[in-house]
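# Per-entry structural report
Okay, here's what each chain looks like letter by letter:
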Amino acid sequence: MAEETKKIAIVGAGLSGLTTAYYLAKAGIEVQVFEKDKHIGGVIRTMHKNGFTYECGPNTGVLSGPEAVELFESLNGLCELEVADSNAKFRWIWKGHQWQPLPSGLISAVTTPLFSWYDKFRILGEPFRKPGTNPDENLASLVKRRLGKSFLDYAVDPFILGIYSGDPEYLIPKYALPKLYNLEQNYGSFIKGSIKKKKEPKDERMQKATREIFSVKGGLSKLIDALVHEIGSERIHTGCENLQVKQDGDQYAIVIGSNVADGFTHVVNTAGSYALNTLFPFVNTDELNVIDRLKYARVAQVSIGFKQWKGIDLKAFGGLVPSKENKDILGVLFLSSFLKDRAPKEGALLSIFLGGMRKSHLVDLSDDEIIDIIRNSVKEMMKIDQFNPDLLEIHRYEHAIPQYGIDSKDKLEAIASIEKQYPGLFLAGNIRDGIGMADRIKQGRLVAEEIIKQNS
Ligand SMILES: Cc1cc2nc3c(=O)[nH]c(=O)nc-3n(C[C@H](O)[C@H](O)[C@H](O)COP(=O)(O)OP(=O)(O)OC[C@H]3O[C@@H](n4cnc5c(N)ncnc54)[C@H](O)[C@@H]3O)c2cc1C
């Protein structure tokens, strides 16, 4: 298929859809993006108020692969990658009545009160423990088996709350944390694997995968604006409610009420699993229902800002609260401590998360009830006497983070089967290939490259 005969429809104008559209448009392929909402960017939305620059959805990503860096390089000048400063290297975990630093070296790992002495000794045997054989073993079981219960409770559980707002009993490492899973499968041990991987030479491209925390100078919406600029805003159609994809011979049509746009050789869906049955009426519902079983964590994100910060010294990325501590918040990010110009000079910008898989009901609380939780948590954990924030914004997400659990294998098989039956149809987005922003950028580029190379 020659480039000029390809015509691509993308459903969803979040980071996944826009990255795909950007790389297709860059290759000279005709692309149209259809978005249900009026807002472009999906869950990404930066706001400015009272001297604060804050995010309503995701705040920061991790440079886990070269693709995110390469996207910024490619958008050269239109927006600027911001790598977090060194404060972001420090992580805190709540235990008892105070924050404890997450160990970052051997001495702190021995002295930390986060883990039991039994587990600290037991970890010496980790390299010699046999690898697991059950690909469907859940994360909690894998961690208990290799590292011990206290590492699960005070390292992995809060880490999973921070990334997935999830539950280690539910997530399956093979799908949810494939890098960790592969350490055990390929090297026999987390410790041996990490050491060996560190020693492996990295080519220039892979050196871009620094695992540093990133945002965008001025906020994540600047990345969205840059992508829109390059794609061309006339190619992005917002307010497309009740959209349906129809088969039209060996092509596809996008139907929105009485409006039909046809002649699409490919359709890339980036809307969530819950949208698929309505979007694709021609696809076997049994297979779509398998994908629809994907669970999502519900999350409330609260941005709070203080023009004059009078609490504890916030020199860290933030703090996470293990489920065992039975608090109402999942964690807090100290954004102004590691990103530039997010709060007035003497002030602080925090982002607090509530809900997740274990405390989903908190998302349903009224604003006043959520503010009560935030007030009590900030007073206790950040040691401030007066809770008079200059910014307080609550944003709730019904489908915040997909949880790659036990039905992941069936889900991926259903996706593969549907894509095989309907050439040109891609079921993408965060229903597969990772939940982080860097994963979304990587997938967007790979899907675009796959389309570009088809019969060209
Ligand atoms: C509160 C929160 C915090 C997060 N924190 C982090 C973080 O710290 N680090 C990190 O890396 N990632 C984080 N993430 C995850 C990250 O934001 C997402 O993985 C990423 O932004 C998802 O992009 P997407 O385009 O796949 O999905 P979305 O942004 O959800 O975009 C999908 C788009 O599809 C549209 N759509 C849905 N249905 C239809 C339909 N029927 N027709 C047309 N359009 C439709 C939606 O309106 C939406 O615009 C967070 C997410 C949330 C919600």
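Scroll up for the structure.
Here the structure is a predicted model, which means the values were calculated and not measured.

### What about the sheet that holds strand β1 (residues 7–11)?
Taken together, the five strands give an open sheet; going across it, the order is β10-β2-β1-β14-β20, and neighbouring strands pair in parallel fashion. Strand pairing shows two members of the sheet lacking a second neighbour, β10 (236–237) and β20 (425–427), which therefore form its edges. Pairing of strand β14 (residues 266–269) with β20, which is carried by three bridges, proceeds in the parallel orientation. Looking across to β20, one finds that Val-267 is bridged to Leu-425.

### Focus: the sheet that holds strand β5 (residues 61–62)
By definition, the strands of a sheet pair up through backbone hydrogen bonds, in either a parallel or an antiparallel sense. If you walk across this open sheet you meet the three strands as β5-β9-β6, and the pairing is antiparallel. Here the strands that pair on one side only, and so sit at the sheet edges, are β5 and β6 (81–83). Across three bridges, β6 lies against strand β9 (residues 213–216) in antiparallel orientation. Its bridge partner lying in β9, Val-83 is registered against Phe-214.

### Quick notes on the pattern of salt bridges
Taken as a whole, this structure holds 29 salt bridges when the rule is applied. Notably, a salt bridge pairs Asp-153 with Lys-149, separated by 2.9 Å at the nearest N-O pair. In this pair, Asp-153 and Lys-149 are both assigned in helix α6 (residues 149–164), four residues apart and thus about one turn of the helix distant. Lys-149 gets classed as partly exposed once you look at its relative accessible area, which sits at 43%. Linking Glu-450 and Lys-453 is a salt bridge whose minimum nitrogen-to-oxygen distance equals 3.3 Å. Residue Glu-450 and its partner Lys-453 are located together in helix α16 (residues 437–453), separated by three residues, close to a single helical turn. What makes Glu-450 partly exposed here is its relative accessible area of 30%.

### Brief notes about the pairing of strand β7 (residues 91–95)
In terms of strand pairing, β7 meets strand β16 (residues 318–320) through three bridges, oriented parallel. The residue of β16 that forms the bridge with Trp-92 is Gly-319. Looking at chain direction, β7 and strand β8 (residues 98–101) are connected through four bridges and run antiparallel. For Ile-93, the partnering residue across the bridge sits in β8 and is Gln-100. Joining the antiparallel neighbours β7 and β8 is a turn of two residues, in which Gly-96 adopts a positive phi near 70 degrees.

### Observations concerning the side chain of Gln-100
Within the fold, Gln-100 resides in strand β8. Discounting residues that sit within four places of it in the chain, Gln-100 has contacts with Arg-91, Trp-92, Ile-93, Lys-95, Pro-113 and Leu-114.

### Observations concerning the packing of aromatic side chains
Taken as a whole and assessed by the stated rule, the structure comprises 16 aromatic pairs. Ring geometry for Phe-72 and Phe-214: centres 6.3 Å apart, planes at 75 degrees, overall edge-to-face. Of the two residues, Phe-72 sits in helix α2 (residues 66–74) while Phe-214 sits in strand β9, which places them 142 residues apart along the sequence. The same class applies to Phe-72 and to Phe-214, which are both buried. Aromatic pair Phe-306 and Phe-387: ring centres 6.1 Å apart, planes at 70 degrees, arrangement edge-to-face. Of this pair, Phe-306 sits in strand β15 (residues 295–306) while Phe-387 sits in the loop between α14 (367–382) and β19 (391–403), and the two are 81 residues apart along the sequence. Each member of the pair, Phe-306 together with Phe-387, is buried. Each member of the aromatic cluster is reached from another via a ring pair, and the members are Trp-92, Trp-94, Trp-99 and Phe-334. For the cation-ring pair, Lys-95 lies above Tyr-154, with the distance from its terminal atom to the ring centre recorded as 4.6 Å.

The rules behind the values
- Residues numbered from 1 in each chain as written.
- Predicted model: local features only at pLDDT ≥ 70, side-chain atom pairs only at ≥ 80, totals over all residues.
- Heavy atoms only, no water.
- Pairing = 2+ DSSP bridges.
- Helix = DSSP H or I, 4+ residues; strand = E, 2+ residues; numbered from the N terminus.
- Salt bridge = Lys/Arg side-chain N within 4 Å of Asp/Glu carboxyl O.
- Buried < 20%, exposed > 50% of the residue type's maximum accessible area, 1.4 Å probe, protein only.
- Contact = heavy atoms within 4.5 Å.
- Phe/Tyr/Trp six-rings, centres within 6.5 Å; stacked < 30°, edge-to-face > 60°.
- Lys NZ or Arg CZ within 6 Å of the ring centre and 35° of its normal.

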